[in-house]
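One-letter residues, chain by chain:
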Amino acid sequence: MALTSIDFAQEIRRRGAVGVHSVTFRDNRSTLWSLTQGGAVLNVHRAYRNAPPDVLDAFVVLVTQGGVRSAASRRAADHVREWPPVLEAMKETRRRHAQGSRVLGRPRACCGTKAQQAYVRALFRYFNETRFAGSLPDDIPLRLSRRMKSALGHMRPAGDGNAGRFVAEIALNIDLLLPGNAAERIDTLLHEMAHAADYLESGHRGHGSSWRRWAQIVGCRPTTLYDRPVRFRKDRRAIVERVPPLPEPLQAL
Ligand SMILES: [Zn+2]
């Protein structure tokens with residue numbers, strides 16, 4: 001049974017890593033683990049959701065020593081790095097990325113500013129941890145689009161059941177960043193993240209029962225995105241530069 005990020009944090013705290021407040025699962029191509037926020041946050045590759053006790057113990061050594069600082073922590077770092085399932089997962093992640101760039105060509109251009117992109121990424125990470133138990137890949141491309149008119153967003157599925165499914169991108173209409181759209185902005189992001197989770201799990205792309213189950217779990221409206229009360233910019237040529245304030249729980253991170 002895979003650990004959630006909360007289980008993982010509890011397990012290592014119980015084993016003595018009391019300085020860790022939270023754990024995030026990531027899907028990076030090269031970094032297996034890192035400590036951030038002064039050692040309070042442990043970021044680990046998502047393969048470690050299935051970490052056995054000896055690997056958890058090795059993480060405890062790394063966390064309590066604040067990184068690789070001694071012979072013991074070097075041994076611990078080797079131990080977590082050489083755990084066979086994570087070696088396999090890294091190979092798979094690299095293969096998926098290589099395949100993704102072959103299939104998709106260049107990623108589509110995002111019209112958002114750096115600050116807007118950081119805002120959307122922060123929301124995505126927060127909801128991935130708090131509503132999806134860290135089950136989505138951390139590095140799903142997120143894009144803001146100024147070309148969408150009435151569409152609010154989409155999830156672009158890629159790959160297949162044989163070669164492995166992955167999410168090419170989640171795109172959001174830039175107008176969702178305008179004032180007055182906060183509720184629809186969050187609901188649209190959760191809606192598309194639910195499509196991503198559903199597609200990766202079942203291969204389904206629509207609003208059928210498997211998607212509605214995700215919608216229910218993560219708390220977005222289980223309906224399509226048509227006829228939502230969204231404010232759109234009046235002048236389509238206008239540039240939207242607004243970065244909405246992050247919800248309060250994220251400001252503390
Ligand atoms: Zn949809």
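Conventions we followed
- Residues numbered from 1 in each chain as written.
- Predicted model: local features only at pLDDT ≥ 70, side-chain atom pairs only at ≥ 80, totals over all residues.
- Heavy atoms only, no water.
- Buried < 20%, exposed > 50% of the residue type's maximum accessible area, 1.4 Å probe, protein only.
- Helix = DSSP H or I, 4+ residues; strand = E, 2+ residues; numbered from the N terminus.
- Arc of directions from axis to C-beta.
- Phe/Tyr/Trp six-rings, centres within 6.5 Å; stacked < 30°, edge-to-face > 60°.
- Lys NZ or Arg CZ within 6 Å of the ring centre and 35° of its normal.
- Pairing = 2+ DSSP bridges.
- Domains from an automatic or database assignment.
- Contact = heavy atoms within 4.5 Å.
- Buried area = accessible area lost by both parts, 1.4 Å probe.
- Axes fitted to C-alpha atoms, helices over the stretch in contact; angles between N-to-C directions.
- Donors = N, O, S within 2.8 Å, 3.2 Å for Na, K, Ca; no water.
- Core = buried A, V, L, I, M, F, W, Y, C linked by side-chain atoms within 4.5 Å.
- Parallel < 35°, antiparallel > 145°, perpendicular 65-115°, else oblique.
- Nonpolar A, V, L, I, M, F, W, Y, C, P; charged D, E, K, R; others polar.

Participant: Pulling in residues and values, what's your account of helix H3 (residues 71-81)?
Facilitator: Every buried residue of H3 is listed here: Ser73, Ala76, Ala77 and Val80. Looking down the long axis of H3, one finds its buried residues gathered within 100 degrees of arc, a one-sided arrangement.

Participant: Just give me the short version of the packing of aromatic side chains, but keep the residues and values in it.
Facilitator: Summed over the entire model, instances satisfying the criterion amount to six aromatic pairs. Residues Tyr126 and Phe127 carry aromatic rings whose centres are separated by 5.5 Å and whose planes lie at 55 degrees to one another, so their mutual orientation is tilted. Overall, the relative accessible area of 22% leaves Tyr126 in the partly exposed class. In this structure Phe127 comes out as buried when scored by relative accessible area, which is 4%. Lying over the aromatic face of Phe25, Arg49 brings its terminal NZ or CZ to 5.6 Å of the ring centre.

Participant: Before we move on, can you summarise the environment of Glu88 with the specific residues and values?
Facilitator: Looking at the secondary structure, you find Glu88 in helix H4 (residues 84-104). Along the primary structure Glu88 and Arg15 are separated by 73 residues, whereas in three dimensions their C-alpha atoms are 27 Å apart.

Participant: Just give me the short version of the pairing of strand S6 (residues 164-173), but keep the residues and values in it.
Facilitator: For S6, the buried fraction is high: eight of the 10 residues fall into the buried class. Relative to S6, strand S4 (residues 142-145) runs parallel, the two being bridged by four bridges. Residue Leu142 lies in a different strand from S6, and its bridge partner there is Ile170. Summarising the sheet, strand S5 (residues 153-160) and S6 pair through eight bridges and their orientation is antiparallel. By the bridge assignment, His154 is partnered in S6 with Ala171.

Participant: Could you give me a rundown of the domain arrangement of the protein, with the residues and numbers involved?
Facilitator: Here the protein is described as being made up of domain 1 (5-88) and domain 2 (114-251). Computed over C-alpha atoms only, the centres of domain 1 and domain 2 are separated by 29 Å. Contacts between domain 1 and domain 2 engage nine residues on the former and nine residues on the latter. When the two sides are added together, the surface that domain 1 and domain 2 hide from each other amounts to roughly 730 Å², 33% of it contributed by carbon and sulfur.

Participant: An account of helix H7 (residues 209-218) is needed here, citing residue identities and associated values.
Facilitator: Of all the positions in H7, only Ser210, Trp211, Trp214, Ala215 and Val218 are classed as buried. Looking down the long axis of H7, one finds its buried residues gathered within 145 degrees of arc, a one-sided arrangement. Turned more than 90 degrees from where H7 packs its buried face, Ser209 and Gln216 sit exposed. Against the buried residues of H7 lie helix H6 (182-202). Positive phi shows up at Gly219, right after H7, with a value of about 85 degrees.

Participant: Requested: an account of the sheet that holds S4, with residues and values cited.
Facilitator: Pairing in this open sheet of three strands is mixed, and the strands run S4-S6-S5 from one edge to the other. The open sheet has two edge strands, S4 and S5, and neither has a second partner. Sheet twist, expressed as the average angle between the axes of neighbouring strands with direction ignored, equals 25 degrees. In the packing of helix H5 (residues 114-130) onto the sheet, the strands contacted are S4 and S6, and the crossing angle to S4 comes to about 130 degrees. Strands in contact with H6 are S5 and S6; relative to S6, the strand with the most contacts, it is inclined by about 170 degrees.

Participant: Which residues make up the coordination of the zinc ion, and what values do they have?
Facilitator: Each pair of donors in an ideal four-coordinate tetrahedral metal site encloses 109.5 degrees, whereas pairs in an ideal six-coordinate octahedral site enclose 90 or 180 degrees. The protein atoms that coordinate the zinc ion are His191 (NE2), His195 (NE2) and His207 (NE2), at distances spanning 2.1 Å. The sequence pattern formed by the donor residues of the zinc ion is H-x3-H-x11-H. Residue His191 is found in helix H6, and its partner His207 is found in the loop between H6 and H7; the two are separated by 16 residues along the sequence. His191 gets classed as buried once you look at its relative accessible area, which sits at 1%.

Participant: A description of the nonpolar core should follow, citing residues and the corresponding values.
Facilitator: Ranked by internal contacts, the top residues of the largest apolar core, which has 35 residues, are Phe124, Phe132, Leu136, Ile140, Ile170, Met193 and Ala196. Of all elements in the fold, only H5, S4, S6, H6 and H7 reach the threshold of two or more residues within this core. Here the element with the most residues in this core is H6; it accounts for seven residues. With sequence-adjacent residues up to four places away left out, Leu136 is seen in contact with Arg46, Phe124, Asn128, Met193, Ala196, Ala197 and Leu200.

Participant: Which residues make up the packing of helix H1 (residues 5-14) against helix H2 (residues 53-64), and what values go with them?
Facilitator: For the pair H1 and H2, the least separation of the axes is 9 Å and the interaxial angle reads 70 degrees. Taken together, H1 and H2 sit at an angle that is classed as roughly perpendicular. Seen from H1, the contacting residues are Phe8, Glu11 and Ile12; seen from H2, they are Leu56, Phe59 and Val60. Considering only residue class, the contact of H1 with H2 consists of five nonpolar, no polar and one charged.

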